[in-house]
Structures are given as C-alpha cells and as structure tokens.
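Listed below are the residues making up each chain.
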Amino acid sequence: MNRHASGFSPLARLLHWSMALLILAMLFIGAGMVITLSTRHTWLVELHKPLGLVLLMLVLLRIAVRLRRPPPALPADLPGWQRGLAHLSHLLLYTLMLAMPLVGWAMLSAGGYPVVVLGWLQLPAIAPHDAALYAVLRQAHHWLGYLLFATVLLHLGAALFHGLIRRDGVLASMATGSAKR
C-alpha cells in the first residue's frame, strides 16, 4: 500500500465528486422539504429518502477505498495547525456523511415510517417506535444538516485556498488525480 500516493485514484475522485453533488442536492432538497407545504413536499420527501440511502452506501464504499489506498500526503511546507485542521475537518466530514443518513433512518424508524427501497424492499427499523425519540432525532437531523453544510463550505474554502492561493497541488490531486508537490 502506497501511503503517500501522488494523487487520488480515479475511484476515489469519482466517489468524491459524485458524493459532493449528491450531498449538495440533499441539503437543498432537505431545505425545500421544511419550507414548503405544497404538493412538492411529498415528492421532495420521496426523493430525499432513497438518496440518503445511496449516500450511506457510497460513504461506506468511500471509507473502504480510503482505507485501502490512503490519500496523498499534504505538502511538506503546510503549517502544522493547518495540517491538523485538515485532518479534523475530514474526520468531521466522514462522521457527518455517516451520521446524516443513519440519523434520518433512525428518525423514520422512531416515527413509525417505513423505509422502502426500490418500491418494494422495506428496510428494518433501526430505532424503536417512540414519538419522543422521533422528535429528538428530527432535531438532530436538522442541526446536523446545518453542520454538514457549514463543513462543506469550509472544505470548499480550503480547496480554493490550496488551488488559487497556495497552488500546491492539493486541489489538483482531487480534480485530476495528479499533483506537483
């Protein structure tokens, strides 16, 4: 296993960019669900649930890929505090990418709502049917969504900092798979 690859693998890049698009879509779909009571509400909910499950599967695959082939090393001249923040922010992103769909699934379970995939496969409940638990999980899902959005914005800001200001190859390693370091 190459601990310090020069760039991300094609699979890692595909997972990163497809998940980035899906996560942004999910954040906006989620926001749309809570601000509308129109006929679009049901459609947004029915779109949000399966996309959440797709993202759960993708993040599990992404973690497996990352464990099998670790990311490239950060630039040697990157200050220690920035290196530490980079590692913490990635840990937070992965935690939130796992937590959001699991909390959503648990929330639906606690509310007594079935989670149906492909129109016929009902997933098992992962939390007991309990109205108070449903309320807590609903609030948790709501606030975790805000935290995920803020973390994505920070991640984007850091990527732009590396790509436009430092020009150190960090952004290029995810964009094209190669980096000059």
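On a predicted model such as this, the values are computed, not experimentally measured, just so you know.

Conventions adopted
Residues numbered from 1 in each chain as written. Predicted model: local features only at pLDDT ≥ 70, side-chain atom pairs only at ≥ 80, totals over all residues. Heavy atoms only, no water. Helix = DSSP H or I, 4+ residues; strand = E, 2+ residues; numbered from the N terminus. Expected span 1.5 Å × (residues − 1). Buried < 20%, exposed > 50% of the residue type's maximum accessible area, 1.4 Å probe, protein only. Contact = heavy atoms within 4.5 Å. Polar contact = N/O pair within 3.5 Å; in protein donor to acceptor, adjacent residues only side chain to side chain. Core = buried A, V, L, I, M, F, W, Y, C linked by side-chain atoms within 4.5 Å. UniProt positions renumbered as here; feature names shortened; annotations may be inferred.

A. Examining helix 3 (residues 80–110) more closely. Counted at 1.5 Å a residue, the expected span for helix 3 with its 31 residues is 45 Å, and the 43 Å between its end C-alpha atoms agrees. Looking at the residues trailing helix 3, positive phi occurs at Gly 112, about 80°.

B. A look at helix 4 (residues 131–166). Between the first and last C-alpha of helix 4 there are 50 Å, a value that for 36 residues agrees with the 52 Å anticipated at 1.5 Å per step. Every buried residue of helix 4 is accounted for by Tyr 134, Leu 137, His 141, Gly 145, Leu 148, Thr 151, Val 152, Ala 159 and His 162. Those residues of helix 4 that are buried are in contact with helix 1 (10–35), helix 2 (40–68), helix 3 and helix 5 (170–175). Where helix 4 starts, the residue carrying a side-chain oxygen 2.9 Å from the main-chain nitrogen of Ala 132 turns out to be Asp 130. A positive phi of about 50° marks Arg 167, the residue just after helix 4.

C. Molecular detail of the environment of His 162. With respect to the element layout, His 162 can be found in helix 4. Along the primary structure His 162 and Gly 32 are separated by 130 residues, whereas in three dimensions their C-alpha atoms are 32 Å apart. Discounting chain neighbours no more than four positions away, the residues touching His 162 are Leu 78, Arg 167, Asp 168, Val 170 and Leu 171.

D. Up close: the nonpolar core. Counting 37 residues, the largest nonpolar core has Ile 23 and Leu 148 as its most contacted members. Residue assignment for this core shows that the elements contributing at least two residues are helix 1, helix 2, helix 3 and helix 4. With eleven residues, helix 3 is the largest single contributor of residues to this core. If near-sequence neighbours (up to four positions away) are discounted, Leu 148 is found in contact with Ile 23, Leu 27, Leu 93, Leu 96 and Met 100.

E. Spotlight on the UniProt feature "domain: Cytochrome b561 bacterial/Ni-hydrogenase" (unreviewed entry) in the protein chain. In the numbering used here, UniProt assigns the "domain: Cytochrome b561 bacterial/Ni-hydrogenase" (unreviewed entry) feature to residues 8–177. Span residues 8–177 is 75% helix and 4% strand, its end C-alpha atoms 5 Å apart.

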